[in-house]
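Report on the structure
For reference, the chains in residue letters:
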Amino acid sequence: MSNNNLSKNADELAGVASDRPFGLTDDNSKKGHPTGLYLLFFTEMWERFSYYGMRGILILYLTKTWLEGGLAISEQDAGLIYGFFTGFVYFTPLIGGWLADTYLGQRKAITIGGLTMMLGQFTLFALNTHTGLYLGLFLLIIGNGFFKPNISTLVGRLYADGDPRRDSAFSIFYMGINLGAFFAPLAVGLFSDNWFAVKDAAGNIVTYGYKYGFLVAGLGMLLGQIIFNMFAKKYLGTIGLHAAKTNVGSGGGHENAVRPVTKEDKQKMTVIFILTAFVIFFWAGFEQAGSSLSLYTDKFIDREVGGFLIPTSWFQSVNPLFIVALAPLFSMFWVSKTGMKISTPVKMGMGMILLGVGYFFMLGAIAERGGDVQDEAIKAGLSWLILTYLLHTIGELCLSPVGLSVVTKLAHPKYASLMMGVWMLATFIANIVGGFLASYVAELGANAIFTTIAGFVIVLGLIMMALGKPISKMMHGVK
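Residues numbered from 1 in each chain as written. Predicted model: local features only at pLDDT ≥ 70, side-chain atom pairs only at ≥ 80, totals over all residues. Heavy atoms only, no water.

**Let's talk about a nonpolar patch on the surface**
A cluster of nonpolar side chains, contributed by Leu219, Leu222, Ile226, Met230 and Phe231, occupies part of the molecular surface with about 430 Å² of accessible area. Here Leu222 is to be found in helix H8 (residues 210-236). (Patch = residues over 30% accessible without salt bridge, like charges linked within 9 Å, V, L, I, M, F, W, Y side chains within 5 Å. Areas by Shrake-Rupley, 256 points an atom, 1.4 Å probe, with all protein chains shown as cover. Salt bridge = Lys/Arg side-chain N within 4 Å of Asp/Glu carboxyl O. Helix = DSSP H or I, 4+ residues; strand = E, 2+ residues; numbered from the N terminus.)

**Some details on the packing of aromatic side chains**
With the rule as written, the count across this model stands at 27 aromatic pairs. Between Phe196 and Tyr212, the aromatic rings sit 4.2 Å apart at their centres with planes inclined by 15°, giving stacked as the arrangement. One end of the pair, Phe196, is in the loop between helix H7 (165-195) and strand E1 (198-199); the other, Tyr212, is in helix H8, and 16 residues separate them in sequence. Phe196 gets classed as partly exposed once you look at its relative accessible area, which sits at 36%. By relative accessible area, Tyr212 is classed as partly exposed at 26%. Taken together, Phe125, Phe191, Trp195, Phe196 and Tyr212 form an aromatic cluster joined through their ring pairs. (Phe/Tyr/Trp six-rings, centres within 6.5 Å; stacked < 30°, edge-to-face > 60°. Buried < 20%, exposed > 50% of the residue type's maximum accessible area, 1.4 Å probe, protein only.)

**Structural notes on the pattern of salt bridges**
Where charged atoms from two side chains of opposite charge come close, those side chains can pair. Under the defined criterion, the tally for this structure stands at four salt bridges. Its salt-bridge partner being Lys148, residue Glu44 comes within 2.6 Å of it at the nearest N-O pair. Taken together, the positions of Glu44 in helix H2 (residues 35-63) and Lys148 in helix H6 (residues 130-157) put the pair 104 residues apart, joining distant regions of the chain. Like Lys148, Glu44 is buried. The closest approach of N and O atoms between Arg48 and Glu47, which form a salt bridge, is 2.7 Å.

**Considering the packing of helix H13 (residues 344-368) against helix H14 (residues 382-410)**
Between H13 and H14, whose axes approach to 8 Å, the crossing angle comes to 165°. With respect to their mutual orientation, H13 and H14 come out roughly antiparallel. The crossing of H13 and H14 is left-handed. Among the residues forming the contact of H13 with H14, the class breakdown is 19 nonpolar, seven polar and two charged. (Axes fitted to C-alpha atoms, helices over the stretch in contact; angles between N-to-C directions. Parallel < 35°, antiparallel > 145°, perpendicular 65-115°, else oblique. Left-handed = near helix turned anticlockwise from the far one by under 90°. Nonpolar A, V, L, I, M, F, W, Y, C, P; charged D, E, K, R; others polar.)

Right, dumping it as structure tokens:
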């Protein structure tokens with residue numbers, strides 16, 4: 001979107017009465033996106049900056065010794081803590097979505113969630129004890145439950161039912177998520193490993209400044225909340241201001257939120273559960289990036305470029321970097337004539353297939369090394385890993401933002417945020433499934449695990465595409 005169009009939209013939105021759904025002016029219905037989308041973009045960007053920044057140093061903070069600035073927790077226990085934390089972060093949106101739909105409204109829930117997460121980060125900064133750890137993680141889990149499903153629901157409510165720009169909008173919104181995820185490890189790492197680290201005379205780190213990494217993550221969350229609360233009234237109007245059951249200012253062109261749930265509504269929401277069931281296995285394969293893929297990279301990928309050894313953790317920024325680069329292209333493609341002809345099940349099936357194809361490149365890396373040999377001196381080329389992340393990113397763009405968009409289209413307005421919580425439940429289950437998969441790599445070998453993942457998700461993708469017509473029928477015209 002050009003700066004001229006953005007400025008024009010801002011002028012238009014500023015002149016709309018506060019009780020009118022924003023983003024639904026006649027001009028906005030024809031081209032461009034409402035400015036409210038970019039407000040939500042930056043709010044989510046800073047929330048993801050906060051979350052991924054903290055997550056990037058969490059396992060290190062848990063396992064380093066007290067002298068090194070950590071909590072001296074065993075690797076096994078730290079893995080369990082990490083797994084349960086990342087899992088429950090995607091479970092509580094069920095509760096937060098229901099509370100927003102029933103009592104709070106999305107806007108109030110986002111503020112409650114953001115401030116709670118900020119307090120969680122500041123707790124990790126201030127209390128470097130086991131008690132501080134559990135309290136901080138608890139606040140982050142609760143806060144995310146309020147925040148995560150409701151900001152995604154607000155994006156959908158900026159657009160009238162049937163508006164073809166919605167998939168494009170979620171691709172733009174998704175770019176905000178990954179922009180925060182890209183910069184977070186770099187910024188937080190700068191605080192924890194450089195500016196606030198204690199070094200000896202030889203320049204070796206004696207004590208890491210992890211607590212200051214949590215501080216900068218909390219400040220990022222605070223900045224996001226300031227931006228959201230300063231401009232929400234102007235650019236969102238009354239959208240999400242009240243609970244759905246009150247039917248006040250629902251906005252976004254949605255039907256009466258208190259109308260009865262029809263048979264058609266039930267079929268539409270059934271589709272959400274069907275798609276969620278498939279997506280569990282996509283995320284179980286995708287989330288290997290932080291576990292089995294990361295371990296394989298650390299041991300068996302040649303990470304030296306021009307005499308510089310790339311830290312393994314930096315590869316966690318490759319996916320968000322590709323997202324930021326490719327999301328605008330997908331945003332334009334989904335609203336093109338060709339893009340609008342592709343149904344949601346087909347898009348998501350393509351995403352699963354691309355994830356599987358991405359693992360073929362890791363199989364290429366294994367083959368280059370001569371199989372599952374344990375000699376770490378034998379390395380595979382870096383290009384295999386980069387190509388894997390590229391295919392996984394393209395698959396993610398076919399599936400994740402499209403899924404966020406379709407949930408807002410299919411859900412009855414009364415249950416919009418609750419259904420978003422159901423969608424996010426897939427990631428909760430996927431983290432558990434993915435953990436089991438990663439735990440078997442040492443026993444069965446990377447070749448067997450990567451082959452299994454690739455074959456399974458490709459088959460599921462083909463099944464989803466084959467079921468495209470019956471699923472689309474249950475969607476009753478929703479694209």
